[in-house]
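# Summary of structural features
What follows is each chain in one-letter form.
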Amino acid sequence: MVIILTFEFWLIFMIECKDIVKIYKTGDIETKVLKNISFSVETGEFLAIIGPSGSGKSTLMHILGMLDTPTSGDYFLDGKNVAKYSDDELAEIRKAKIGFVFQSFNLLPRTTVLNNVCLPLVYAGVDKEEREKRGKKVLSLAGLEERYYGYHTNQLSGGQMQRAAIARALINDPAIIFADEPTGNLDTKTGQIVMETFQELNKNHGHTIILITHEQDVAEYARRIITVRDGQIVSDEHNGHRAVEILKRKSKV
Amino acid sequence: MKFNDLLEQTFSSLLANKARSGLTVLGIVIGIASVITMVSIGQGASGTITSSIESLGSNLLVVMPGMQRGVGQQVSSGRGSAQTLTLEDAQAIQEQVYGVENIAPLYSTRLQVAATGTNTNTTVSGTTAAYSMVRNVAVETGIFITDEHDLAKSKVAVLGPTTVEDLFGEEVISEDVLGQKIRINNIEFKIIGITAAKGGSGFNDQDDVIYVPLGTALHYFAGNDKVSNISVQGESQKILDQVEADITALLLERHKITDEASADFQIMNQADIVESASSIAGTLTILLASIAGISLLVGGIGIMNMMLTTVTERTREIGLRKAVGAKKNDITVQFLAEAVTLTFIGGIIGVALGWLASLAVSHFGGTATQISLLSVLLAFGVSAAIGIIFGYYPAWRAAKLDPITALRYE
């Protein structure tokens, strides 16, 4: 009963996609990369989008992450349709609500770990003292030891770099974290540690995480798995015990 | 984005590639330094010309004979060759025109001059005592011609230093020359003074001259009372135009000419000469500055080249910055700041170097130079403008990069 009441409060989804279509034009040839994608994501979910290369999963992530806009369809973020937002409006939302973790880390070279992590706050206009305080906090949350904070990023190992990148994604306390093949450049063992970090952030800190991958065993860390093939969702499954719970809750709504 | 964050980022990016930044700055340094040096040389030359014209005398008007055409006549003798000005004209100007401080009529001709064993051909100028004031002629040894010499038609002469050299050799001590006799047109004159060196203006050596009393010159060399010109010194610069107009009116009346266009004399106003000379010097300055400007332009292109390379190299960084929330404007400002910082540093070093160079030019090259605050400010303005103009295109390219493409750039 309590669960149902809580759920009615969340009638507005965090993310709601309706008939998202993305068409790329190369000369006269039109390629329909996404074909009428519709789904929704709730706050606190850990969702994996899985699919082979060329399936359109990266394009989907770019649209969800507001790095790109759909050709047609609606994308509601916190109840607002952002599908037609301008570049600068999208940048404003990314700054406030979104964190990214990339396959190739994308850390700035010749820059210290701490400064890399604090970069999003520079654009948010936060002053240096506050930035560094928050930077140290998220770095410890991402599991990087303090002695590395002053290192330049090219002095770190792959796992350490990805931890720094996760810390950077966390620094603006984002509503959603997008992780694009976060283990793609890491060995299996380090990959596992990184994925466990994501799980921990989701479970204990309530961050919504959307993971893009082509590896089934990486996707297994998530509680819900959407499989994309040829620009369409072919399955939307709930993974494990807790995911089933969510499904139950949803069916009651 | 806060200003000190922008500053910090700009310097760390520029310092990340010291050699490239340094060479790019060098281009601007050379450009700015050459503009500063060239303009200072130009302005120095202009100053030299102006002061050399002013050395002819201050508040000066020179009345010169002109040509006169009769009605329907097409032929004229050359300007200045006519003998239309007389001693009486000069006296009338002195007595009737208000604002005349001094007046010095001059009769000038070229004659053969002989000393013991040597001889030369030089300008012999018959004039009055006032001439030394009106035309800034200083006497170094002895005295200048006096009014008494003029009245008495004394056969005395004051020599210019060049003439002294020509007649007595370079080694001669000027005191020894005083009292010596020279023969001008076979008439014996006694040397009473030697003028201080004035230097030449153009092709005309002002020191190659012999001054004799006007009365003497008119009596022995001219045989009439026609003068070559009349120098008039006005009381002040302000009333010079009025004095010029009054003299014109007076002489027209005296020469019985009704139409000013057919006047048989002309008046040169020193202010006009200074003006036309400075306009020549101005043109020279512009010419020099535009040659230097070309090197500044090349420096600017260097900036653009470097910034374009930087933008390409840092494509992924730009993608990331956009992904974490940088707006177009943030990216534009960042790259523009780098370009402007480069040109600004180049500007500061360039001004310092240009200053040293122009000091060196005046010290070793003997050409006067003049650095004005304006040219320094202009150089700064231009270098900042170059930073913005040549930095804008690369910055714009960076800002319009698509974040996805930029993030995936290899």
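Keep in mind it's a predicted model, so treat the numbers as computed, not measured.

## Topic: the overall build of chain A
When helices and strands are tallied, chain A shows nine helices and 10 strands. Taken over the C-alpha trace, chain A has a radius of gyration of 18 Å; the compact-globule value for 253 residues is 18 Å, and the two agree within 12%. Each principal axis of the C-alpha distribution contributes one length, and for chain A these read about 55 × 45 × 35 Å. Counting only residues that meet the buried cut, chain A has 43% of its 253 residues in that class. Summarising the internal contacts of chain A: among those between residues at least 6 apart in sequence, 67% fall at separations of at least 24.

## Considering the interface of chain B and chain A
Listed per partner, the contact involves 18 residues of chain B and 20 residues of chain A. Take the side of chain B that touches chain A: its biggest share by element is five residues, from helix 11 (residues 315-323) of chain B. Residues belonging to the side of chain B that touches chain A are distributed by class as follows: nine nonpolar, one polar and eight charged.

## What to know about the packing of helix 6 (residues 158-170) of chain A against helix 7 (residues 188-205) of chain A
Residue and element names in this part refer to chain A. Look at helix 6 against helix 7: their axes get within 10 Å of each other, and the N-to-C directions meet at 15°. When the axis of helix 6 is compared with that of helix 7, the two are roughly parallel. The two elements helix 6 and helix 7 meet at a crossing, and its hand is right-handed. Listed contacts from helix 7 to Gly158, Gly159, Gln162 and Ile166 of helix 6 are Thr190, Ile193, Val194 and Thr197. Residues of the contact of helix 6 with helix 7, tallied by class, amount to three nonpolar, five polar and no charged.

## Considerations on the packing of helix 2 (residues 18-54) of chain B against helix 13 (residues 373-399) of chain B
All names here are of chain B. One way to put it is that helix 2 packs onto helix 13 with a least axis distance of 10 Å and a crossing angle of 155°. Relative to helix 13, the element helix 2 is oriented roughly antiparallel. Note that helix 2 runs across helix 13; the crossing there is right-handed. Two secondary-structure elements touch here, helix 2 through Ile28, Ile32, Val35, Ile36, Val39 and Ser40 and helix 13 through Ser375, Val376, Ala379 and Ser383. Along the lines of polarity and charge, the residues of the contact of helix 2 with helix 13 split into seven nonpolar, three polar and no charged.

## Let's talk about the domain arrangement of chain B
Taken domain by domain, chain B holds domain 1 (3-52 + 276-408) and domain 2 (85-254). Each of domain 1 of chain B and domain 2 of chain B has a C-alpha centre, and the two are 56 Å apart.

## Points about the environment of B:Glu175
With respect to the element layout, B:Glu175 can be found in helix 7 (residues 174-177). Spatially, the C-alpha atom of B:Glu175 lies 9.0 Å from that of B:Gly193, the residues being 18 residues apart in sequence.

## Some remarks on the sheet that holds strand 8 (residues 208-213) of chain A
All names here are of chain A. A sheet is described by the order of its strands in space; here six strands give the open sequence 6-7-8-3-9-10, paired in mixed fashion. Each end of this open sheet is capped by a strand with a single partner; those strands are strand 6 (98-101) and strand 10 (232-238). Each adjacent strand pair in this sheet contributes to an overall mean axis angle of 15°, direction not counted. Bridge count between strand 9 (residues 224-229) and strand 10: six bridges; the pairing is antiparallel. Across the sheet, the residue bridging to Arg229 is Gln232, located in strand 10. Contacting strand 6 and strand 7 (176-180), helix 6 crosses the sheet at an angle of about 170° to strand 6.

## Side note on the sheet that holds strand 4 (residues 72-77) of chain A
All names here are of chain A. Strand order in this open sheet of four strands is 2-1-4-5, and the pairing throughout is antiparallel. Every other strand in the sheet has two partners, leaving strand 2 (29-41) and strand 5 (80-81) as the edge strands with one partner each. As defined by bridge partners, strand 1 (residues 15-26) adjoins strand 2 across nine bridges and the pair is classed as antiparallel. From the neighbouring strand, Thr26 faces strand 2, where its bridge partner is Ile29.

Reading the values: the criteria
Residues numbered from 1 in each chain as written. Chains lettered and ligands numbered in written order. Predicted model: local features only at pLDDT ≥ 70, side-chain atom pairs only at ≥ 80, totals over all residues. Helix = DSSP H or I, 4+ residues; strand = E, 2+ residues; numbered from the N terminus. Rg over C-alpha atoms; globule rule 2.2 N^0.38 Å. Buried ≥ 20, exposed ≤ 12 C-beta atoms within 10 Å, placed from the backbone. Contact = placed C-beta atoms within 7 Å. Nonpolar A, V, L, I, M, F, W, Y, C, P; charged D, E, K, R; others polar. Axes fitted to C-alpha atoms, helices over the stretch in contact; angles between N-to-C directions. Parallel < 35°, antiparallel > 145°, perpendicular 65-115°, else oblique. Left-handed = near helix turned anticlockwise from the far one by under 90°. Domains from an automatic or database assignment. Pairing = 2+ DSSP bridges.

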